[in-house]
Amino acid sequence: MAPRGTTAAPSAPAAPPRAARRFASETALGRTRRARRIDRALGERYPDAHCELDFRDPFELLVATVLSAQTTDVRVNLTTPALFARWPDARALAAADPEAVEDVLRPTGFFRAKTKAVIGLSAALVERFDGEVPPRMADLVTLPGVGRKTANVVLGNAFDIPGLPVDTHVLRLSRRLGLTESDDPLVVEQDLGALVEKRDWTMLSHRLIVHGRRTCHARRPACGACPLLRDCPSAGIGELDPVRAAALVKSGPAAAGGEDGADTGAEPALEAAAPGLADAAEGAGAADAGAGGGEPGVEGLSAGPG
Ligand code: SF4
């Protein structure tokens, strides 16, 4: 305690980590080159990076992406075969009995909001696009429950049109890597898109997502086992000891589940149908919301295994 009549000296602001200071004077060209080195390094580390949602056509990917909000791709892949066996296209799903769809979607969590979204977007496809998924961002984002993230997933993976989906992993890693200062997904998409060639957008997003799932976790990044250590201004915010860091790294498709696996980026329309959905899941540690049998509310979310 400070002596009576004196005031305690304000504590000095914490100095930025050494790694961050190294990048403070980085030029725009330097950042572009670093972003491309990062993309290459991630490509070598994760040659298997790809869209982890199963689909056979653009409609299936569109629906699967909407269903992936607040749950894992693994759980969506377990659910969609039954959904598409019964309602194989937009016309069938648009005419479906909502209660029957809810029963199928129950394991994915938020199943009432998701049922409303997939039936609504199917009806819009039938009414305005002859039942086909349009291969244009401007059209896709007019569909209920579809925002830029979902549209970019569909464009990049179903149509081979470069798209840069910004989910919770891409957002977190882009900021940690100093490739953006923004936490607005649209600005992050623009910042990243300006740093790499357009043809590389889709794969960059896949690589950042898999790196976020396996190594650069939200809570305990495995910096000591990270191939980006020398190019990352945040190096050292996580475990630096190589042995302990290696133990934190997750591998394979199983890394899509658990603490950091759930896609917490609900699109605005789905968010409107289930208010607070995205924030609740982030606060709960990106939980797998589908574990329960009922429609989970905020209190229904629980942290998944680490
Ligand atoms: S794991 Fe550490 S070094 Fe690697 S990208 Fe994340 S914060 Fe940077």
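Residues numbered from 1 in each chain as written. Predicted model: local features only at pLDDT ≥ 70, side-chain atom pairs only at ≥ 80, totals over all residues.

Caption draft 1: Layout of the overall build of the protein chain. When you go through the protein chain residue by residue, the secondary structure sums to 15 helices and zero strands. Within the protein chain, buried positions represent 47% of all 306 residues. Here the contacts in the protein chain between residues at least 6 apart in sequence split such that 63% fall between residues at least 24 apart. (Helix = DSSP H or I, 4+ residues; strand = E, 2+ residues; numbered from the N terminus. Buried ≥ 20, exposed ≤ 12 C-beta atoms within 10 Å, placed from the backbone. Contact = placed C-beta atoms within 7 Å.)

Caption draft 2: The arrangement of the packing of helix 10 (residues 168-176) against helix 11 (residues 185-195) in detail. Following both chains from N to C, one finds helix 10 and helix 11 inclined at 60°, their axes separated by 11 Å at the closest point. In this view, helix 10 runs oblique relative to helix 11, as classed from their interaxial angle. You can see that helix 10 and helix 11 cross each other, and the crossing is left-handed. On the side of helix 10, the interface is formed by Val170, Leu171 and Ser174, while helix 11 contributes Pro185, Val188 and Leu192. Across the contact of helix 10 with helix 11, the residue classes break down as five nonpolar, one polar and no charged. (Axes fitted to C-alpha atoms, helices over the stretch in contact; angles between N-to-C directions. Parallel < 35°, antiparallel > 145°, perpendicular 65-115°, else oblique. Left-handed = near helix turned anticlockwise from the far one by under 90°. Nonpolar A, V, L, I, M, F, W, Y, C, P; charged D, E, K, R; others polar.)

Caption draft 3: Structural context of the packing of helix 3 (residues 58-67) against helix 7 (residues 111-129). Remark: helix 3 packs on helix 7, axes separated minimally by 10 Å, with the N-to-C direction vectors making an angle of 155°. It follows that helix 3 is roughly antiparallel to helix 7 by the angle criterion. The chirality of how helix 3 crosses helix 7 is right-handed. Along the contact surface, helix 3 presents Leu62, Val63, Val66 and Leu67, while helix 7 presents Lys114, Ala117, Val118 and Leu121. Residue classes in the contact of helix 3 with helix 7 are distributed as seven nonpolar, no polar and one charged.

Caption draft 4: A look at helix 9 (residues 148-158). Along helix 9, eleven of the eleven residues are buried, which leaves the element largely enclosed by surrounding structure. Buried within helix 9 are the following residues: Arg148, Lys149, Thr150, Ala151, Asn152, Val153, Val154, Leu155, Gly156, Asn157 and Ala158. After helix 9 finishes, the residue Asp160 shows a positive phi value of roughly 60°.

Caption draft 5: Representation of the environment of Leu78. Position of Leu78 among the secondary structure elements: in helix 4 (residues 73-86). As a C-alpha pair, Leu78 and Thr108 span 30 residues in sequence and 9.3 Å in three-dimensional space.

Caption draft 6: Representation of the confidence of the model for the protein chain within the structure. Scored by pLDDT, the protein chain has a mean of 83; 76% of the residues are at 70 or more. For the stretch residues 1-13, pLDDT sits under 50, and the model shows two contacts to residues farther than four places along the chain or on other chains. The low-confidence segment residues 254-306, where pLDDT is below 50, has 125 contacts with residues more than four positions distant or belonging to other chains. (pLDDT = per-residue confidence, 0-100.)

Caption draft 7: Molecular detail of the site of the ligand. Taken together, the neighbourhood of the ligand is formed by 15 residues, with Cys216, Pro221, Cys223, Cys226 and Cys232 sitting nearest. The class makeup of the residues in the shell around the ligand is eleven nonpolar, three polar and one charged. (Near = placed C-beta within 6 Å.)

Caption draft 8: The arrangement of the nonpolar core in detail. In terms of nonpolar packing, the biggest core is built from 37 residues, with Leu61, Leu62, Val66, Leu121 and Val154 touching the most fellow members. Within the residue set of this core, elements represented by two or more residues are helix 3, helix 4, helix 5 (90-94), helix 6 (98-105), helix 7 and helix 9. Discounting chain neighbours no more than four positions away, the residues touching Leu61 are Leu53, Phe55, Val153, Val154, Asn157 and Ala158. Ranked by size, the runner-up nonpolar core spans 28 residues in total, among them Val170, Leu171, Leu177 and Val188. (Core = buried A, V, L, I, M, F, W, Y, C linked by C-beta atoms within 7 Å.)

Caption draft 9: A look at helix 6. By the burial criterion, the buried members of helix 6 are Val101, Val104 and Leu105. For helix 6, the buried positions fall inside an angular range of 90° around the axis, keeping them on one side. Exposed residues on helix 6 whose side chains face more than 90 degrees from its buried face are Glu99 and Ala100. (Arc of directions from axis to C-beta.)

Caption draft 10: Spatial organisation of unusual backbone geometry. One non-glycine residue, Gln70, lies in the positive phi region at around 65°. Following the sequence through the fold, Gln70 ends up in the loop between helix 3 and helix 4. Phi is positive for Phe110, which is not a glycine, with a value near 50°. For Phe110, a count of 28 C-beta atoms within 10 Å puts it in the buried group.

Caption draft 11: Examining the environment of Ala24 more closely. Relative to the assigned elements, Ala24 resides in the loop between helix 1 (18-22) and helix 2 (28-45). Judged by the 9 C-beta atoms lying within 10 Å of it, Ala24 falls in the exposed class. Through-space distance from the C-alpha of Ala24 to that of Gly178 is 9.7 Å; in sequence the pair is 154 residues apart.

Caption draft 12: Local environment of the environment of Pro162. On the secondary structure map, Pro162 appears in the loop between helix 9 and helix 10. C-alpha separation for the pair Pro162 and Trp201, spaced 39 residues apart in sequence, amounts to 5.7 Å.

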